[in-house]
Amino acid sequence: MTNYALTNSALPASAAALRASCPPASTVRESLVAAPPPTASTIERRVRSGAKWSILALGTRQLVGLITTAVLGRLVLPEAFGLVAMATMLTAFLSLFDVGLGWATVQAREIDRRQINLLFWLGAGIGLTIWGVCLLVGPLLADFYGRSELSGICAVLGAGLMCNSLGAQPAALLKRDLRQQAISVVETLGLLVASAVALSMAASGWGYWALVAQLVALPVVRLAGLLVASGFRPGRSGSLREAAPLVQFGGYYGLCAWVAYFQLYLDSILVGHYGGAEALGWYSRAVFLKTLPTMYAVMTLHDVMTPALAALRDAPDRFAAVYRRALRAVAFVGCPLGAFLGVAAPEVVRLLYGSAWDPVAPLLAWLALTSFSLPLWNTVPWLFIATGKGREFFRLNVIVTPVAVAAFWLAAAGGPLQMARVSGLLFALPIPLFSLWYAHRTAGLALGSTLRDVAPIWIACTAAVLGGLLSGLWTDGWSYAMSLVAKLLVGGGIYGVVCWLLLDSWPLGRRSR
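**Comments concerning the overall build of the protein**
Step number 1: When its secondary structure is counted, the protein shows 22 helices and zero strands.
Step number 2: Within the protein, buried positions represent 55% of all 513 residues.
Step number 3: Counting only contacts in the protein whose residues sit at least 6 apart along the sequence, the fraction spanning at least 24 positions is 85%.
Step number 4: Of the roughly 21,300 Å² of accessible surface on the protein, a fraction of 66% belongs to carbon and sulfur atoms.

Listed below in structure tokens is the structure:
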């Protein structure tokens, strides 16, 4: 959940930037006919440009998000965060029903206007159905958790899911053409508006409704921006037979998402059911912080790498080289950030949320065990989507999810801390390593070569963690701010030195050492 104050003067500038990043609508509409993905000769240039825009935009959004979270954490009680988290676990599941249709457009070798229109109208129908389900299931969720407020929350959040469904195809067209600049502007503008709404309502005493309004405002603004940026206007669609392969891929990807949902959310569902809204509020904040390194490292490249790898699927050597180069960059950024969250959990929580949120710190310390593998694990979808292997992706999740479900179910009675321990240990190595092996096998890549590429970064992270823990003993009794700075300097310094000694070149640069 994110937020920030948006001045009136910022709106015209953002709109101008959005228009500047988009070609004329007529050009876009014409390109929809038999549109292939970018050719291999243009991929490297577009990937570099898209990655730069992704990093800039995501860095901006994360800064805004952290500031917003810090402010909201002081204006809204933990119970309110937990209450909204109860509803968003339902809406997150429902949103998976049309998630595959966008990626079906991205990975297709060729696709025409009639097929895109068909996928759009299918998504619109699914979105409307999802909204109806939110209205019907909201009261049942309220009974499950014993909180009557959830009926109204679910009804409002359903509108946001409808907007997400309508925006899937415009977003897919931008991703397919590697137009990350336009996507970045749209996402950032949506975040700013949603953040302004949430902060204003929280300051006025709206409580959990401020968080709900934030979640709905973002997809509304995003949808408007995507329609402008892509130039897409829905029209007459083709028959289902014409788009059957695309719908089939989207269906398999959607099935994967449904199954994987229980890996991602069952722990939170059980914490909320057994511990109540306050316990879930603490746990959800720890999970949010745990995912930040992945958001920084992986999501900056996700929309760029998937279509880029799809265009290289018939060039195995280049496919492998591009994937491993990106994976190394992900590890270089994401692994140390995650490790730092574990070492400095008490200081990070106190800085962002204040002393009322101190119970989050031990939860975060355990969840941060995944820091060495979570950024890499989140690149697994790249390989399945880019190669069009939706069925194999589904099989992977069918194998892995029961393991996670059983572990979470056994841990549920132990409370949030026990759940954090089990989740941290489970996703620290067993599930990510198996998933990487299966994805590499499916894509025809050698896992050993990939692990050798990231091994120096893991060694550097381990050394940095030990240094950070030792500095924590040295700074015992200091203020949390001074202790945080000390851990950052010691751990960061050790990480940089070890990487310099072990790496032949910096993953984010062009020059070799």
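Moving on, there is more to tell.
**Re empty space enclosed by the protein**
Step number 1: Enumeration over the complete set of coordinates arrives at three cavities of 30 Å³ or more.
Step number 2: Each pocket or cavity is described by its volume, and for the second largest cavity that value is around 50 Å³.
Step number 3: Lining the second largest cavity we find Lys290, Pro293, Thr294, Gly338, Leu341, Leu367, Ala368, Thr370, Ser371, Leu374 and Pro375.
Step number 4: If you list the elements that add at least two residues to the lining of the second largest cavity, you get α11 (244-297), α13 (316-343) and α16 (374-377).
Step number 5: If one sorts the elements of the lining of the second largest cavity by residue count, α11 sits on top with three residues.
Step number 6: For the lining of the second largest cavity, a count of residues per class yields six nonpolar, four polar and one charged.

**Looking at the pattern of salt bridges**
Step number 1: Applying the stated criterion across every chain, the model contains five salt bridges.
Step number 2: With a shortest N-O distance of 2.8 Å, Arg147 and Glu79 are connected by a salt bridge. Of this pair, Arg147 sits in the loop between α6 (113-145) and α7 (150-166) while Glu79 sits in helix α4 (residues 78-94), and the two are 68 residues apart along the sequence.
Step number 3: According to the relative accessible area criterion, Arg147 is buried, its value standing at 19%.
Step number 4: Between Asp358 and Arg350 there is a salt bridge; the shortest N-O distance is 2.7 Å.
Step number 5: One network of salt bridges, in which partners are shared, links Glu79, Arg147 and Glu149.

**Re the side chain of Lys290**
Step number 1: Inspection of the secondary structure puts Lys290 in helix α11.
Step number 2: Although Lys290 lies buried, it forms no salt bridge, and the closest oppositely charged side chain, Asp267, sits 5.9 Å away as judged by the N-O distance.
Step number 3: Apart from the residues lying within four places of it in its own chain, the contact partners of Lys290 are Leu341, Leu364, Leu367, Thr370 and Leu374.

**Comments concerning the confidence of the model for the protein**
Step number 1: Mean pLDDT over the protein works out to 81, with 82% of the residues at or above the 70 mark.
Step number 2: Segment residues 1-35: pLDDT under 50, and 78 contacts once partners within four positions in sequence are set aside and those in other chains are kept.

**Thoughts on the layout of surface pockets**
Step number 1: In this structure, the second largest pocket encloses a volume near 650 Å³.
Step number 2: Lining the second largest pocket are 26 residues, and of these Leu337, Phe340, Leu341, Val348 and Leu488 sit closest to its centre.
Step number 3: Ranked by residue count, the leading element in the lining of the second largest pocket is α13, at seven residues.
Step number 4: Looking at the lining of the second largest pocket residue by residue, the class counts come to 22 nonpolar, three polar and one charged.

**Here we look at the packing of helix α21 (residues 447-474) against helix α22 (residues 480-502)**
Step number 1: Two numbers describe how α21 lies on α22: the axes approach to 8 Å, and their chain directions differ by 155 degrees. Compared by their axis directions, α21 and α22 come out roughly antiparallel. For α21 against α22, the interelement crossing comes out right-handed. Between α21 and α22, the contacting residues are Pro456, Ile457, Ile459, Ala460, Cys461, Ala463, Ala464, Gly467, Gly468, Ser471 and Gly472 on the first element and Ala486, Lys487, Val490, Gly491, Ile494, Tyr495, Val498, Cys499 and Leu502 on the second.
Step number 2: A class-by-class count of the residues in the contact of α21 with α22 yields 14 nonpolar, five polar and one charged.

**Concerning the packing of aromatic side chains**
Step number 1: A complete count under the given rule lists 16 aromatic pairs for this structure.
Step number 2: An aromatic cluster is defined as three or more aromatic residues linked by ring pairs; in this entry it consists of Phe384, Phe393, Phe434, Trp437 and Tyr438.
Step number 3: It is Arg285 that lies over the ring of Phe288; its NZ or CZ is 4.8 Å from the centre.

**A short note on helix α14 (residues 345-353)**
Step number 1: Turning to α14, its buried residues are Ala345, Glu347, Val348, Val349, Leu352 and Tyr353.
Step number 2: Backbone geometry just after α14 places Gly354 at a positive phi near 95 degrees.

**Some points on the packing of α4 against α6**
Step number 1: Orientation of α4 relative to α6, taken along the N-to-C sense of each, is 145 degrees, at an axis distance of 10 Å. Like other packed secondary-structure pairs, α4 and α6 cross with a definite hand, here right-handed. Taking contact as the criterion, the partners of Met86, Ala87, Met89, Leu90, Thr91 and Leu94 in α4 are, on α6, Ile130, Val133, Cys134, Val137, Leu141 and Tyr145.
Step number 2: Tallied by class, residues from the contact of α4 with α6 come to eleven nonpolar, one polar and no charged.

The rules behind these values
Within each chain, residues carry numbers counting from 1 in the order of the written sequence. In view of the model being predicted, local features appear only for residues whose pLDDT reaches at least 70, and side-chain atom pairs are presented and counted only at 80 or more, with totals across whole chains, interfaces and linings using the full set of residues. Derived side-chain values reflect all non-hydrogen atoms in the structure, with water molecules and hydrogen atoms excluded from consideration. By the criteria applied, helices consist of DSSP H or I runs no shorter than four residues and strands consist of E runs no shorter than two, each listed in order from the N terminus. Here the term buried applies to any residue with accessible area under 20% of the maximum for its type, exposed to any over 50%, and partly exposed to those in between, with areas from a 1.4 Å probe on protein chains only. When checking whether two residues touch, look at their non-hydrogen atoms; a contact exists if any pair is within 4.5 Å. Here, Shrake-Rupley sampling with a 1.4 Å probe gives the accessible areas, and only protein chains in the shown set may cover a residue. A cavity, in this analysis, means grid points on a 1 Å lattice covering only the protein atoms where a 1.4 Å probe fits yet has no way out; a pocket is instead an open set bounded by protein on both sides within 12 Å along at least five of seven lines, and a residue lines either one if it has an atom within 4 Å of a point. Grid points are joined across faces, edges and corners, and a volume is the space filled by probe spheres set on the points. Just so you know the grouping, Ala, Val, Leu, Ile, Met, Phe, Trp, Tyr, Cys and Pro go in nonpolar, Asp, Glu, Lys and Arg go in charged, and all remaining residues, Gly too, go in polar. The term salt bridge refers to a side-chain nitrogen of Lys or Arg lying within 4 Å of a carboxyl oxygen of Asp or Glu. Charged residues are defined here as Lys and Arg on the positive side and Asp and Glu on the negative side; His and the ends of the chain fall outside this count. The predictor rates its confidence in each residue with pLDDT, a number between 0 and 100. Fitting a line to C-alpha atoms yields each axis, with helices limited to the stretch in contact; the angle taken between N-to-C directions then spans 0 to 180 degrees. Orientation categories follow fixed angle ranges, with anything under 35 degrees roughly parallel, anything over 145 roughly antiparallel, 65 to 115 roughly perpendicular, and all other angles oblique. Rotating anticlockwise by less than a right angle from the far helix to the near helix defines a left-handed crossing, while the corresponding clockwise rotation defines a right-handed one. Put simply, two rings from Phe, Tyr or Trp (the six-membered ring, in Trp's case) pair if the centres are within 6.5 Å, and we call them stacked under 30 degrees between planes, edge-to-face over 60, tilted for the rest. Here, over-ring charges are defined by two tests on the NZ atom of lysine or the CZ atom of arginine: distance to the ring centre within 6 Å, and angle to the ring normal within 35 degrees.

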